[in-house]
Structure formats: C-alpha cells, structure tokens
Amino acid sequence: MTTRRDVTASPALSAGGALKPPVAERRPVTDTRHGISRTDDYAWLRADNWQQVMREPAALPADIRAYLEAENAYTDAEMADEEALRETLFKEMRGRIKEDDSSVPVPDGPYAYGVRYTEGAEHPMIVRTDRDGRNEIVLLDANKLAEGKAYLHLGGSAHSPDHTLLAYSVDEMGSEYYELRIRDVATGEDRADRIPNTTGGAVWAADGRSVFYIWVDENHRPAKVFRHTVGTDANEDVLVHEETNPGYFLGVGKTQSDAFVVIDSHDHETSQSWLIPADRPDAPPRLVAERRDAERYSVEHNGDRLYILTNADGAEDFKIVNAPVDSPDRPNWTDLVPHRLGRLILSGTAHKDYLIRLEREAGLPRIVIRHLADGAEHAIAFDEEAYSLGTMPGYEFDTTTLRFSYSSMTTPGRVYDYDMANRTRVLRKEDEIPSGHDPADYETRRIYAAASDGAEVPISLLYRRGTPVDGTAPCLIYGYGAYGIAMPASFSTTRLSLVDRGFVYAIAHIRGGKDKGFHWYADGRREKKVNTFTDFIACARHLVAERYAAADKVVGWGGSAGGLLIGAVANSAPDAFAGLIAEVPFVDTLNTMLDDTLPLTPPEWPEWGNPITSAEDYRTIAAYSPYDNVGAHPYPAILALAGLTDPRVTYWEPAKWVAKLRATQTGDHLLLLKTNMDAGHGGAAGRFDRLKETAFATAFALKVVGVADAPSKVRSRHKVGSRPGVTWNPLIPE
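These remarks concern the structure in this document. (Residues numbered from 1 in each chain as written. Predicted model: local features only at pLDDT ≥ 70, side-chain atom pairs only at ≥ 80, totals over all residues. Heavy atoms only, no water.)

Let's talk about the pattern of salt bridges
A complete count under the given rule lists 55 salt bridges for this structure. The partner of Arg183 in a salt bridge is Asp190, and the shortest N-O contact between them spans 2.7 Å. Residue Arg183 is classed as buried on the basis of its relative accessible area, which comes to 13%. By sharing partners, the salt bridges in this structure join Arg340, Arg343, Arg357, Glu359, Glu361, Arg366, Arg370 and Glu377 into a single network. (Salt bridge = Lys/Arg side-chain N within 4 Å of Asp/Glu carboxyl O. Buried < 20%, exposed > 50% of the residue type's maximum accessible area, 1.4 Å probe, protein only.)

Quick look at the structure:
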C-alpha cells in the first residue's frame, strides 16, 4: 500500500544549515501505448477533479496543495536575498508606466470609446465621450468589480449598435470561464442578465437586443454558439450552432461592414465559416465553404462581395480572393491578391472604399492599402532594421482613416491615424515613459545564426549603447516557436531593467513561428519540431561566438509553448545556459497529448501529432517531451512559473517536471517552482501585480548570472512623448 508522506509548507534546513527543497513522493503509474511502456512517478499531481478545481480552487486535493505550497515556500526562501532587488526592479518597471494613461478614443457614430486608468489603479475603466472628446462618462470601472477579490480579469466589452447597452465579461478565477453581463449605459447599472461559462466575447446583432456568444463546456472547449435576448434568462438562450468534433474550436465575430455575424470553426490548420445577416439574427447560419483538410480561410464583406483570406490552391503564404455574397463557395472564388511565395499575408480588413492587408516579407511587416475601385495599391513601412507594425480597424466601415500601431525595440509604441485617400498620417499617441527614455541610448540590430541544417535564423537584438561586444556581457534570449506565431521586434519597458544593467536582450525568431513565412512554421511543427529547439540553441551559441554574450552568462526565457522550448533545450543543451525561465511551460507534452479530456488536446493534434492513434507521432513526441527526457546530468538554474487554474497549460505540468528534475538531476544549481494559487495562464490580472511577477523572474535572471543590483549610471537624457495612451485594450478579448 502506498503511503502519503506529508509535505510541509515551510522549507526545511539540512544538517549543514542549507535550505532543503521539497521532495515529491513517487507513486508510479505505468502506461502502455503502441507496445511501449512508460512509468510516471508523479502522475498523482494531476488532480482527478481538475475540472472542479478550475472553477473552485479550494477543491484542490490536500496532498497536491501541500506540495505546491511547499515549493512556493522554498522558492520564496531561496529568493529572499533578492527581495530588495525585486522591489527595486518593480519600482523601475512601474516608473516607466504612465499610471493615469488612456487609449486613443475609437470613434463610432456620435461617440468615441476608449480605455483609461487612474493613478495607482490595477485595472482599467471603459469610457465613452462625444465624438469630439467632450462629456466623458465611465461605462465600467473594473477596479470596483475587483474589490475584495484575489483575481479579476476583464475579458472584453462591446457596446450595442444604438449605444444604450454594454456587454462585458469577467473571470474571477483565472480559469477563463467568463461570465457575460449586460449594463445599462443610462443608469450605469447591470441588468439581471448573467451568462456563465463563456469565452468572454460578445457580438451584437443590428437590433441591439440580440447577443451572440460562445459557451464553454466542462472540459473548457468552446463548443456551442448561443444567441441571447436581452432581458431573458440565459436558460432560454437559443443554440445557433454546435461543433460536435472535439478537435475544432468555435469563434464568433462580425465583418467590418457590420452586415454579418461570422461563426468560424477551426483548429491550427483547417477552418470553415458561416454567415448570419446581422439584421436577421434568427436566420440560420449559411456556410461559406466546406472545410478541407489543411485549408484555412477568413471572411470580410463589402457590398455584394466577400473578401476571403485563404491558403487554398497551394497558396502557402496566403492570398485574397473574392466571391459573390449569394454564392460564396469555392468554385466562385476569384483571385484578387494572388499568392506570392515569401510574402505572408497576415490579415485583411475591408472598408467601404479600401481593402487593407497586413503582410510580412523578409521578416518585416508592412501595411498595404488597396483602392477597391481601381485596384491601386500603396504601402506603409518603416526603415528600422527590426520593428513591429499592426492595424487597428476600429468600429467604422465608411471611413478613409486607418489607425495603426508602430514600435521598435528602441522606440516606444506609437499610434497613427492614416488618411488612405490623401496618404497622410497624424501621430495620435506616443507612449510616455515617465522615468525617462531616450532611444539614442540604445542600439537594435537584426543578425542571423546558422541552424544545424544551414537555415538562417533571425535574431533581434537590443542593448544599451556602450555595452561591450567583447564576450563579457550577460544575455537574455527569448523564444517561442509554435502555432505560427511570430515574435514582434516591439518595445517593452520591462526588458530595459535588464538592458540598463548591461544585458544584451535577444529575440530568437526560430522555426515554428511564421517570422519568415509559412514554411518557417511548417519546418518547426510535428515531425520537424526538433528544429525549434536546435534553432534556439544555435542562436544562443551564435551570440557567444559573435561576442555579444559571455558563454557562462546566457539565460533563456520562454512561456507556454515557449516553455516546452525551454524544457527541451534544458535536456539537450544544458551547457549552453546559465539559467532558464519557463513560464507556464508545456513540458509534460506526451501525457497531455494522450489525454483527450484536456481542453486543448484534440484541437492541437494537427500542431503536435496524435500519439493516441499514431505510433509514429507517439515516438516523435516522446523523443523531445521535456518531462519524459529528464536525465541524470547537471542542469542550469531553472525557474518554473505556473498558475493553479490555468486551462491551457495545467498546473501539474511544471509541478511534475520540477519534481522529476529534483529526483533525477545530478547538479546543484537552483531549481525553483512558483505557482500562483490565485491565477491562471496569464498570471496576475492587475497591471502592477503582473509587474511584480515580471520583477521576480527578472531578479532570478540577474541572480544566476551574478549581476549586481545597480543599473547603468548612464541615464536617459529626456522623456519621449507627452501624449497619454496605452496600446493594450481590454475592449478586445485577449
């Protein structure tokens, strides 16, 4: 009979007075698939009632809670000598935030909507003014909603077409089960409508009384679209569409024209969409085109035409076609923007007279504006070696104004309004750094590392001007490399705390993202996943070889699927890193992909492979799954960060990984696990609480490379920007 050894929440001391880390009990469980048997000593850390824990964290079994709390206590004790440093870092990071910031108002008819913070407040307010900026009213103050709660995240908000109602959603556990609510704008009071278990988004029909939303099932899958009528009980909501295949997720949105509600069903490589006329919310959804394996498409609308972004017909880097609204199936698709290999079209938005697309070529983004009447095109781009660019479509369709955002690793975020007819731009906001920032104090570069197979991997660099490039500087290298997500070379205030202390900050644009086109993604997934890891290692070693970094002062950082990257390189190249930071890391990869009850498993089989049905996929994942490949050798210092109610990467993945590392590794470097017992995948919800978590991880990076507290004595000479604004906007769900 297995005994349950108590795990205390207070760190013990060894005979020599050193802190003694927690030791998780081994409770071996053997699993056999495809004739291959594996024994998992720490499977017990996965709570059998995990669905309940997502909604009720107090339901976590006592033995699991005791272990997590013991690890937290040990981490706090080991990092106690960095408490003053953490506080210094937090104050620096907070000092770079304009606390009474606000977004650029977004016009919609007679009004404009925006987000505003007050000094000292953790959460935003959603506000509305007249279109000319006068007569502000606060529609929603998330700080009031958060009073007395350990966690609150505002999922999103949407005003009704007649501007009388506000649909908004909140998550009070970090589990991403959002409750949808309806607020009366005139009174400022919530109506009786309460809709639990949604994804957080809401889409209004033209009548201003019908709201479409996605319902999340007990396994946290967005499986059904419902229509709610304001003033009725949620139990009376109408089921509009159901996805019965657990491998597909549902989404709901609206065309820029406001003419159609769009329902889409998708995994990571296949999709299909349905349209509902916004002025007839009770009409049945009409299919645009049947899904085909490995083909994706998304839909925009203008007049009697649909504009469809798709990779159909072998358009690897996507193209834009159009089709009649009344007969939109594939036989009627006509190329408008043909496919061109190497030019990846990321998104498209249709306005009354213009079609706007965001694309990337040679690793850099640009915005292309097409005049629909004559097909004339022109582009918006910038001259820096590396930068980030994004479109902000807003609410209006009949407009010649395009709003877009820009930043680089040295330049704080800017928001421009661009007149598409006159081709002129107006700067509407430049993020202010209250403590001071001069871009001239910093250098940014784009260099390339040779991968093991000869591929050229881009690396974006940021360092303070005067930092020695002589092989002595510490370096933090960040990577992700999954789902086709490219890492933008954008501005970050928090990384300046490293750079000002002499660090070189590097972003490795490794395979698995679409940084160099769709092929870059395809070469870093499924049977080619190992390229993601070898690319990251090649980048780290290249930084040392080119003398940007000291060989013994390189720290790797990644989160979620980027945490899988960190776990994999810890196993395969531990000598390349002094330390590794793994945020909510997807490290128990094989077990997770074998568990089809988990929220993301079936939809992610196209990304990683299906080890349940395929012996080949099983062997491929087993060969790199970090948890399954922990070895009896020294590891660098490791910090793993988790969230108890995380539905994307469950808390037990990093917990099991650290437990196995403790029992298996032969080295004595720092190994820490910190679980936020009040949050999920995104960590703390408040903006300052999030900074404290970032300061903690940053202090760990400084600690493991032995960098002293004091930043560079060369201070910025002046502040940049005087316009209030923040680029994050909770009007759009994360």
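We are not done yet, so read on.
Quick word on helix α8 (residues 561-572)
An ideal rise of 1.5 Å per residue puts 16 Å on 12 residues; α8 measures up with 17 Å between its terminal C-alpha atoms. All of the buried residues in α8 are Ala561, Gly562, Gly563, Leu564, Leu565, Ile566, Gly567, Ala568, Val569, Ala570 and Asn571. (Helix = DSSP H or I, 4+ residues; strand = E, 2+ residues; numbered from the N terminus. Expected span 1.5 Å × (residues − 1).)

Section: the nonpolar core
Grouped together as the largest cluster of nonpolar side chains are 123 residues, with contacts concentrated most on Leu68, Leu543 and Trp608. Leave out the neighbours within four places in its chain, and Trp608 touches Ala482, Tyr483, Arg526, Lys529, Ala561, Leu564, Phe586, Met593, Ile621 and Tyr624. Grouped together as the second largest cluster of nonpolar side chains are 15 residues, Ile356, Leu358, Tyr418 and Met420 included. (Core = buried A, V, L, I, M, F, W, Y, C linked by side-chain atoms within 4.5 Å. Contact = heavy atoms within 4.5 Å.)

Some words on the sheet that holds strand β26 (residues 354-361)
In a beta sheet, neighbouring strands are held together by backbone hydrogen bonds and run either parallel or antiparallel to one another. Spatially, four strands are ordered β25-β26-β27-β28 in an open sheet, and the strand pairing comes out antiparallel. Both edges of this open sheet fall to β25 (343-350) and β28 (377-380), since each of them pairs with a single strand only. The sheet shows a mean angle of 25 degrees between the axes of neighbouring strands, direction not considered. Two strands pair when backbone bridges link them, and β26 and strand β27 (residues 364-371) are joined in this way by eight bridges, in the antiparallel orientation. Bridging across to β27, Glu361 finds its partner in Leu364. (Pairing = 2+ DSSP bridges. Axes fitted to C-alpha atoms, helices over the stretch in contact; angles between N-to-C directions.)

Observations regarding unusual backbone geometry
Despite not being glycine, Asn135 has its phi angle at roughly 60 degrees, a positive value. Relative to the helices and strands, Asn135 is located in the loop between β7 (125-130) and β8 (137-141). Using a relative accessible area of 55% as the deciding quantity, one classes Asn135 as exposed. A positive phi angle, close to 65 degrees, is found at Ala294, a residue other than glycine. The topology assignment puts Ala294 in the loop between β20 (286-287) and β21 (297-302).

So, helix α10 (residues 601-608)
The buried fraction of α10 amounts to eight of the eight residues, a majority that puts the element mostly inside the structure. Against β17 (249-254), α6 (518-522), α8, α9 (589-594) and α11 (615-624) lie the buried residues of α10. In the stretch just after α10, Gly609 is the one whose phi turns positive, near 105 degrees.

Let's talk about the packing of helix α7 (residues 530-545) against α8
Contact geometry of α7 with α8 gives a least axis separation of 9 Å together with a crossing angle of 70 degrees. For the element pair α7 / α8, the angle class is roughly perpendicular. When the axes of α7 and α8 are compared, the crossing they make is right-handed. Within the contact between the two elements, α7 uses Thr532, Phe533, Phe536 and Ile537 and α8 uses Leu564, Leu565, Ile566, Ala568, Val569 and Ser572. Here the residues of the contact of α7 with α8 sort into eight nonpolar, two polar and no charged. (Parallel < 35°, antiparallel > 145°, perpendicular 65-115°, else oblique. Left-handed = near helix turned anticlockwise from the far one by under 90°. Nonpolar A, V, L, I, M, F, W, Y, C, P; charged D, E, K, R; others polar.)

Considering the packing of aromatic side chains
In this structure the tally under the stated criterion is 18 aromatic pairs. Both rings, one in Tyr297 and one in Trp333, keep their centres 5.8 Å apart while their planes meet at 70 degrees; by these two values the pair is edge-to-face. Here Tyr297 is found in strand β21, whereas its partner Trp333 is found in the loop between β23 (319-324) and β24 (334-337), with 36 residues between them in sequence. Pair check on accessibility: Tyr297 and Trp333 agree, each one buried. Between Phe382 and Tyr406, the aromatic rings sit 3.9 Å apart at their centres with planes inclined by 20 degrees, giving stacked as the arrangement. Of this pair, Phe382 sits in the loop between β28 and β29 (387-392) while Tyr406 sits in strand β30 (residues 401-408), and the two are 24 residues apart along the sequence. Of the two residues, Phe382 and Tyr406, both sit in the buried class. (Phe/Tyr/Trp six-rings, centres within 6.5 Å; stacked < 30°, edge-to-face > 60°.)

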